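Letter by letter, the chains look like this.
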Amino acid sequence: MKPIDVLIIGAGPAGLATAIRLKQKFNKAKSTASVVVIEKAAKPGYHNLSGAVIETACLDELLPGWRAADPAFAAELMPVKRDEMYFLTAKAAFQIPELLVPGGMHHKNDSLISVSRLVDWLAKAARKEGVEIQSGFSAASLIWDKDAVKGVRLVDCGLDARRQPKPNFLKGEDVLAKVTVLADGPRGVLSREYVARVKGNINPQVYSIGIKQVFKVPVGHDFGTNRVLHTLGFPNRPDVFGGSFFYSMGTEYIAAGLILGLDWKYTDLNPQQEFELLKTHPLIARFLKDAVPVAAGARTIPEGGFYSIPKLWTEGALLVGDAAGLVNMEKIKGIHYAIFSGMAAADAIVDGSISATALGAYKDNLEARGVLKDMRHARNFRQVFQWGVFMGAPLSQIQSLIPVRLGLHQDHSQTLKGAALKRDIKPAIDRATFAALSGTTHREDEPSHLIINDTSVCQRCRQELSSPCAVFCPTEVYRWKEDGVNISASNCVHCGTCAIKCPFQNITWTPPEGGQGPRYKNM
Amino acid sequence: MNYIVLVKQVPDITRIPEEAWDREKGTLKRGVLDTVFNPLDLQALTFACRMKSHDKSSRVLCLTMGPNQARELLEDCMARGADEGVLLTDMKFAGADTPATAYALACAIRKIAKDIFKGQDYVIVTGMQSVDGDTAQVPPQVAEELGMEQIAYAQSFDFVKGALQVKRIGPLGVETIVPKHYPVLITVIQCMDPVYRSFNRVRSIEATSIHVWNAEAVAADKDLIGSKGSRTWVTQIASVSSQRAKPCAYALSLDELLDRIEHDFKHGSAREDKAVTPYVLGDKTPSLNGEVWVYAEQEKGALASVSLELLGKARELATALKQKVAAVIVGDNVKYLTPALFAAGADKVYMAEHSLLKDFLPCPFKKVIAAMVLEYRPQIMLFGASPLGRELAPRIAYAISAGLTADCTGLEIADYEKGSVRQIAILKQTRPALGGNIMATIITKDSPFQLATVRPGVFKAPVPDASRKGEVVRVAAHLDDKDCATKIVWSEPAFTKVHLDQAEVIVSGGRGMGSKANFEKYLTPLADALSVWLKVKVEIAGSRMAVEDGFIGHARQVGQTGQTVSPKLYVAVAISGAVQHITGMQGSGTIFSINKDPHARIYSYSDHGLAADLEEVIPQLIKAIHKRQGAA
């Protein structure tokens, strides 16, 4: 095998930005150093889900002249012209005056695009620069030599449901590289292994889940185009952090979603059903009249902010994008930080350099690009919402003035015995249909990639908390059957919620064979 | 021994995104669809890699035809174990139908044999069909062009004392076939556990191990490739609406319900009945002349039902054309079958008998029938799209340079006019394509013969009229041992695989069944009752959820990740109707659903519904069926 100089795990915005910037640099220096990206999805973009409203300055810097070079793609990015925020009660909607909306939450002149489309396009741009993108390979673990990262080990392929090798068994291969960049997204399996060892974060990382659907609407539909609409309030109780978004995508589609902080206390909160409930609100129902759901998916978002960022480099490895927790909740954005962090990482990697000292330039580059400055400004943003939306909303406006660091509790610890929403919803879309709309598939006789560490814990959880996993999983992977939790791993959309929110931390999320999972094209 | 595997990139039809449809024109924008490794070709590659592992000195070479982008498919193959790749790419190949494709591939294979294998023996391994075209014509036609025998429906192989033996599903059951000489072409129907891509192999591919050839490099005759070499024309594409046209009906009583189901089962669901105005030739001069022929296939000493169905259709076509209907029968001692052919509507029977025609082998059968066609020149010849028909018809079509449309669901006589082209009273052939997502209307061009295969059960067999008589034309079969390149050494009639796709009635249960015990308690007796009442074999199946919960085995899973079925009657019990399931069963003739949730999605796809609790209603239903049985 040809040796690999820089190995990037995950072909999302961060990983691809790293790859593009690096290869540009190598090409300019006439270096033949190789940049290889591996991605567990069958194709780049299939596992990427976001709103998304993005600030495009990062693309101007990464790929100067991109608009002129690809006018068809540039036309897909629709500038935001209408930007509204509403507070919803069960029956009514109140528009929040623009003046009261925090500065970071203004989106006019930002661009609307599906992140799976953006990633698909970035992957093409990367290949043009000479980056090798190998999709359909899942990495299982990091290879360490003392405290230095030497590469990754891929998953074993061809095991049957009882983990016995089949005739096509292929043992997980070792992929070695001088530098490994971890761009495996929120709570990625490898970045999690990295953080457990390298540490460096002061607060624990916390997450939210985003439930998303894409609707097809008739041309000339009421919602209009170039429009961004956010809501707070209904269906969430004041003590559930979250809100929804409705974005026009071109002239025929609306992207909509509900984001909920995973630190909710309710044992029976079902985010997919909460979204269905939101769809029944008069304001939303009006917009979604004649709208046909054509795609669905879910993903977690790292929300902890500045104090949850771990040490971003070690010998032989760097963390970028969501894997590093670079999401700014004040702006509800992360894609441009992902791209900027990738560029900052690429600038720190000198051909052949693996030492932590050299890679340490990464932090300075992040500072120079203003990424850390924004993150620092929002350092206490997520924390103030722990006290509910009525305290959190006003406090969030002045959170940057709070002189001390506010702490965070891990999401799983917040589930409270006896706390229940007791919803009675007749959903338009159930969880099985939701799973089908995500296009997810897994080999049916594959060993479950979701592992219950101790089944007796599930019994205890059943008694004390009524098995929340059977309710919160957006695609109903977990179901309580007479004597235990039954797992339909093939419905999994790789959102990661279960491993984060299981109250007893009894679920281990391992990567399944490559090329499986959801197939998002316009998410 | 070396191996050439034919591979193809196909559009991913398992999930067609909304934006890929042009709803106004009713067409699919293929450019929007993802491309994937044709799943059956991946099985062929696995088959070849496993054969290779018996002899380390052998090589596996993958051959594909397509645009430059298809190079990534060859890289994929090499990551899985192939040693070399050949990409056949040239604008001149564009617009090719199956014979034009087969010819181009055969030219490349000749060059591979000469320049790369340097005269060493080789075996061609292919998948049965591609999921986009779904015709299964290219492999037999490649074999025909290269003059070699085909071993179709291969399941496994063995090397006995170094000699290759292939197990395949044939008319006699599981047959063990030994090639008498090489090269030979094997089409693989099933090879479980496809080889994985190895990351190390991906990164070890040398650019020089992929050869890129154009039409000139393989010395292809420019008149035989691309659209110029094609014998069929797609004249129209229409979408098949995923919503069934007729709303679900809820009967007032179980008896009324059973009446309707019985009616639909016997006469087809009303939604399929279309008023067809018969074609009137009048005083127009038809573009083609000749009789309408049907190949009479035998099944364990009797005529295959599909052949009788086709005779009925042929009668209709021949009446419109003012021509005679003839059946073609070949075999060893088959004269006793001719009265049944006359009774089913044949005016004439062309019969060839020879001891070498006792068991079906494509080469000798093709030789005899192709000679008959060239001598007696029918204008239309129909075959059942049975396993045998799918092996035989493509080779005959290729041998006589005729067009062939596979798996037709509609045949009619019509005139065709477009630009300077004007054809009178030709055969308009309609078939599903792209996994049943669209219907294509196809006509034959530049050929005096129009050939088509038709899926069993599409047309109704006529009521036999024993008083009908006709003329038997004996045709000599000139065959000797050299015409048989393979030999059947062993056959065992047992079938163990579950063939849900061939079932006439399927009773399927979902997650709402609750337990494996309930499957046995309710579905088994319901299936038995239906079987006795409708006098057919009834298969039991399940949705993915039911399979996951262990209520029923994976071999009986219906849906996107299971089997696709189209029985005459599909009974869905406690199935919610997720898209994944609907995809696998929406082609069923009549769909009857039992679900306690009256808003269940399954009802949008059903003809008949019973919104009730299954534990209560199924015993009543079984009782009602038994009562009918007793009365009848």
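These numbers were taken from a predicted model, which means no experiment stands behind them.

Rules and cut-offs
- Residues numbered from 1 in each chain as written.
- Chains lettered and ligands numbered in written order.
- Predicted model: local features only at pLDDT ≥ 70, side-chain atom pairs only at ≥ 80, totals over all residues.
- Heavy atoms only, no water.
- Domains from an automatic or database assignment.
- Contact = heavy atoms within 4.5 Å.
- Buried area = accessible area lost by both parts, 1.4 Å probe.
- Salt bridge = Lys/Arg side-chain N within 4 Å of Asp/Glu carboxyl O.
- Helix = DSSP H or I, 4+ residues; strand = E, 2+ residues; numbered from the N terminus.
- Core = buried A, V, L, I, M, F, W, Y, C linked by side-chain atoms within 4.5 Å.
- Buried < 20%, exposed > 50% of the residue type's maximum accessible area, 1.4 Å probe, protein only.
- Axes fitted to C-alpha atoms, helices over the stretch in contact; angles between N-to-C directions.
- Parallel < 35°, antiparallel > 145°, perpendicular 65-115°, else oblique.
- Left-handed = near helix turned anticlockwise from the far one by under 90°.
- Nonpolar A, V, L, I, M, F, W, Y, C, P; charged D, E, K, R; others polar.
- Polar contact = N/O pair within 3.5 Å; in protein donor to acceptor, adjacent residues only side chain to side chain.
- Pairing = 2+ DSSP bridges.
- pLDDT = per-residue confidence, 0-100.
- Arc of directions from axis to C-beta.

Caption draft 1: How the structure looks around the domain arrangement of chain A. Residue and element names in this part refer to chain A. In terms of domain boundaries, chain A breaks down into domain 1 (4-65 + 117-201 + 309-379) and domain 2 (79-111 + 204-307 + 402-523). When each unit is reduced to the centre of its C-alpha atoms, the spacing between domain 1 and domain 2 is 25 Å. Every contact between the two is made by 49 residues of domain 1 and, on the other side, 52 residues of domain 2. Interface area, domain 1 with domain 2, both sides summed: about 4,100 Å², of which 57% is carbon and sulfur. When the buried area of domain 1 at its contact with domain 2 is split by residue, Y46, L49 and R187 rank highest and sum to 17% of it. At the junction of domain 1 with domain 2, the criterion picks out two salt bridges. Here K333 and D110 are joined by a salt bridge, their closest N and O atoms 2.8 Å apart. Mapped onto the side of domain 1 that touches domain 2, the elements with two or more residues apiece are β3 (53-54), β9 (139-145), β11 (157-159) and α12 (371-377).

Caption draft 2: Highlighting the nonpolar core. Residues and elements named next belong to chain A. Counting 85 residues, the largest nonpolar core has L7, I38, L59, L118, L122, V152 and Y362 as its most contacted members. At ten residues, helix α9 (residues 335-348) tops the list of elements feeding residues into this core. Ranked by size, the runner-up nonpolar core spans 69 residues in total, among them Y86, I209, C492 and I507.

Caption draft 3: Looking closely at the packing of helix α4 (residues 138-146) of chain B against helix α10 (residues 387-399) of chain B. Residue and element names in this part refer to chain B. α10 packs onto α4 with a crossing angle of 45 degrees between their chain directions and a minimal axis gap of 8 Å. Taken as axis vectors, α4 and α10 run oblique relative to one another. Along this stretch, α4 crosses α10, giving a crossing that reads as right-handed. Contacts between α4 and α10 involve P140, Q141, A143, E144 and E145 from the former and R390, E391, P394, R395, A397, Y398 and A399 from the latter. Grouping the constituent residues of the contact of α4 with α10 by class yields six nonpolar, one polar and five charged.

Caption draft 4: Summary view of the environment of B:R80. Residue and element names in this part refer to chain B. Tracing the chain through its elements places R80 in helix α2 (residues 71-80). In sequence terms R80 and L42 are 38 residues apart; their C-alpha atoms lie 9.5 Å from each other. Setting aside chain neighbours within four positions, we find R80 in contact with F37, L42, L45, C49, V195, Y196, R197 and R201. Polar side-chain contacts of R80 include one of 2.5 Å to the side chain of D76.

Caption draft 5: Structural view of the pairing of strand β31 (residues 569-573) of chain B. Residue and element names in this part refer to chain B. Most of β31 is tucked away: five of the five residues are buried. What you see with β31 is no split at all: L569, V571 and V573 on one side and Y570 and A572 on the other are buried throughout. Relative to β31, strand β29 (residues 505-509) runs parallel, the two being bridged by five bridges. Residue pairing for β31: S508 is matched across the bridge by A572. Of the strand pairs in this sheet, β31 and strand β32 (residues 590-594) are connected by five bridges, and their pairing is parallel. Within β32, the residue paired with V571 across the bridge is F592.

Caption draft 6: Focus on the interface of chain A and chain B. Chain A puts 47 residues into the contact, and the matching count from chain B is 32 residues. Taking both partners together, chain A and chain B bury about 3,500 Å²; carbon and sulfur atoms supply 45% of that area. There are six salt bridges connecting chain A and chain B. Across the pair B:R203 and A:E132 runs a salt bridge, and its minimum N-O distance is 2.8 Å. Counting the contacts that link chain A with chain B gives 17 residue pairs in polar contact (both at pLDDT 80 or more). Of all the elements in the fold, those that place two or more residues in the side of chain A that touches chain B are β2 (35-39), β8 (132-135), β11, β12 (165-170), β13 (174-182), β18 (292-302), α15 (431-438) and β22 (478-481) of chain A. Counted by class, the side of chain A that touches chain B contains 18 nonpolar, 14 polar and 15 charged residues.

Caption draft 7: Molecular detail of the confidence of the model for chain B. Averaged over every residue, the pLDDT of chain B is 88; the share at 70 or more is 93%. For this predicted complex, the interface score ipTM comes out at 0.92, alongside a pTM of 0.85.

Caption draft 8: The arrangement of the sheet that holds strand β30 (residues 538-542) of chain B in detail. All names here are of chain B. Across the sheet, six strands lie side by side as β15-β33-β32-β31-β29-β30; this open sheet has parallel pairing. Two strands close off the open sheet at either side, each with one partner strand: β15 (249-250) and β30. Strand direction decides the pairing type here: β32 and strand β33 (residues 608-610), joined by three bridges, are parallel. Of the residues in β33, the one forming a bridge with F592 is H608. Each of β15, β29, β31, β32 and β33 touches helix α6 (residues 254-267); the most contacted strand, β33, lies at about 150 degrees to it.

Caption draft 9: Representation of helix α6 (residues 189-198) of chain A within the structure. Residues and elements named next belong to chain A. If you check which residues of α6 are buried, you get L190, S191, Y194 and V198. Each buried residue of α6 lies within a common arc of 95 degrees when the element is viewed along its axis, so the set occupies one face. Elements in contact with the buried residues of α6: β1 (4-9), β9, β10 (148-154), β13, β19 (313-314) and β20 (317-319). Taken from the residues just after α6, K199 is the one with a positive phi, measuring 55 degrees.

Caption draft 10: Spotlight on unusual backbone geometry. Residue A:A52 is reached from A:G51 by a cis peptide bond, and omega for that bond is 0 degrees. On the secondary structure map, A:A52 appears in the loop between β2 and β3. Of note in the backbone geometry, A:N109 takes a positive phi value of approximately 75 degrees without being a glycine. Of note, A:N109 is situated in the loop between β6 (93-95) and β7 (111-112). Residue classification places A:N109 among the exposed residues on the basis of a relative accessible area of 67%. If you check the backbone angles, B:S401 has positive phi at about 55 degrees while not being a glycine.

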